[in-house]
Amino acid sequence: MNVLLLGSGGREHALAWKLAQSPDIGQFYAMPGNPGIASVAEPVEGVPLSAHQAIVAWCLAHAIDLVVVGPEAPLVAGLVDRLTEAGIAAFGPSAAAARLEGSKLFTKELCRENGIPTAAFARFSDAPSAAAYVRSAGAPIVVKADGLMAGKGVVVALNVGEAIEAVEQVFASGGQEVLIEEFMEGEEASLFCLVDGETVVAFGSAQDHKRAFDGDLGPNTGGMGAYSPAPILTPALEEQAIREIIIPTARAMVALGAPYRGILYAGLMLTEAGPKLVEYNCRFGDPECQVLMPRLSCDLLPILDATARGRLADTHVSWSADAALTVVYASRGYPGAHQTGSEIGGLDAADALDGVLVFHAGTKKAGAKVVSNGGRVLNVTGVGATLQEARDRAYAAAAEIRWPEGFYRQDIGWRALR
Ligand code: AMP
Ligand code: GLY
């Protein structure tokens, strides 16, 4: 099978690393890829992921059998619809199904209509009514903007003043509507499921670390580290989440005429009343994918292909008993302003360690050197029989890397290991 992978981050490097091991893979391309991905897939540069017709034409010219879409933006914008119309199989949901990530309001209404456990919510199209509601409901309370906000559209307000400020911010920055949610208390975990219409196959769990600094302090980021499995998501809780949240969602999407095909990533809050949905994403998590792929003990390619072709029910998925943990090595200053272009040394020494995989997230080549090219730059991943072993391996590898312009959290995995 000739495969095209779309994206350029650590998530895509992990997918590429796994796909490249498939005995069924033929020509393997990555658009645009990165220097890590380039060791297993041929990079294709110069076609932006927003140029849907150009991507379709490129796929037809290169006899592509399967497109695997990494990031959410092309999914929400309908790339899979364009590929499907052209007869090209693609892993990832249609635009109508990707609304589960693209519109928080769509998802909240779907939950309400189908009795899916999630935070109670109210929606407002002007600031004064939203502010009045916030005053009557009290704090803590959660304020959200609609649409793809790259993780920046959510404020968990600890007092009423902060919540009202957040409401005003949503409208001041051009928002048409604001979502006010009940504050849910509990620990968060991510559950991944392959979904093909009404067929749901559990595809691993993970926990992320969203804050920039040790002790879960500092600003929110795209994720500073992750581990899998998430011990807090016990088999019983996972089964409950699939039964009460994922399956009803899959059925509701079919009933709406927008069947979901792809990976559905549920952010869950494990409350005293059971698992509740925080949000959906319509693609693999980043860096969660980097801890799922090393644990998958079967071939990934037939699974993605079967999902894309509506045959998920016929596939078999198996996992190793290992744990995996990834540490995100980021540019100093991230998630705020940061420099790029600094040289990174020691990558080969780190990658050569036992049970270690170094995924590239934001790098580029400058001559023979690898230099930083983004906020989150490397995902240093350890795999081991226990989470402690995976963690020790990841940190030993991070210590081999020579990159003074970077930083990483020292406490990835603390919740599971405490
Ligand atoms: P989201 O972008 O919807 O995942 O929200 C980002 C983060 O805000 C989540 O990972 C949670 O930590 C927090 N959050 C969002 N909604 C709620 C809620 N209703 N109650 C408590 N925390 C929330
Ligand atoms: N790590 C969070 C995300 O991928 O959205």
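Everything numeric in this text was worked out from a predicted model, so none of it was measured.

J.: Just to check I follow, could you spell out the site of ligand 1 for this structure?
T.: By nearness alone, 15 residues border ligand 1, and Glu181, Glu182, Met184, Glu188 and Glu279 come closest of all. At 3.0 Å, a side-chain N or O of Lys144 approaches a nitrogen atom of ligand 1. One of the side-chain N or O atoms of Glu188 is found 2.5 Å from an oxygen atom in ligand 1. Summarising the interface, the protein chains cover 88% of the accessible area of ligand 1, which totals 470 Å² for the free molecule. Only strand S7 (141–145), strand S8 (154–157), strand S9 (178–182) and strand S16 (274–281) provide two or more residues apiece to the shell around ligand 1.

J.: Looking at this structure, how should I read the site of ligand 2?
T.: Every residue near ligand 2 is listed here: Asp208, Gly222, Tyr265, Arg283, Gly285, Asp286, Pro287 and Glu288. Gly222 is positioned with one of its backbone polar atoms (N or O) 3.0 Å from a nitrogen atom of ligand 2. Contact distances for ligand 2 include 2.9 Å between an oxygen atom and a backbone N or O atom of Asp286. Starting from 200 Å² of accessible surface for ligand 2 in isolation, the protein chains cover 87%. Among the residues making up the shell around ligand 2, the classes are represented as two nonpolar, two polar and four charged.

J.: Please explain the nonpolar core as it appears in this structure.
T.: In summary, soluble globular proteins display a tendency toward joint burial of nonpolar side chains. If you look at the biggest cluster of nonpolar residues, it comprises 50 residues, and the most contacted ones within it are Leu4, Met31, Val67 and Ile246. Considering each element in turn, this core owes the most residues, seven residues, to helix H9 (residues 235–255). Among all residues touching Val67, those that are not within four sequence positions of it are Leu4, Leu6, Cys59, Leu83, Ile88, Ala89, Ala90 and Phe91. The next biggest cluster of nonpolar side chains, apart from the first, holds 40 residues, and it includes Phe192, Met293, Leu312 and Leu357.

Rules used throughout
Residues numbered from 1 in each chain as written. Chains lettered and ligands numbered in written order. Predicted model: local features only at pLDDT ≥ 70, side-chain atom pairs only at ≥ 80, totals over all residues. Heavy atoms only, no water. Near = heavy atom within 4 Å. Polar contact = N/O pair within 3.5 Å; in protein donor to acceptor, adjacent residues only side chain to side chain. Areas by Shrake-Rupley, 256 points an atom, 1.4 Å probe, with all protein chains shown as cover. Helix = DSSP H or I, 4+ residues; strand = E, 2+ residues; numbered from the N terminus. Nonpolar A, V, L, I, M, F, W, Y, C, P; charged D, E, K, R; others polar. Core = buried A, V, L, I, M, F, W, Y, C linked by side-chain atoms within 4.5 Å. Buried < 20%, exposed > 50% of the residue type's maximum accessible area, 1.4 Å probe, protein only. Contact = heavy atoms within 4.5 Å.

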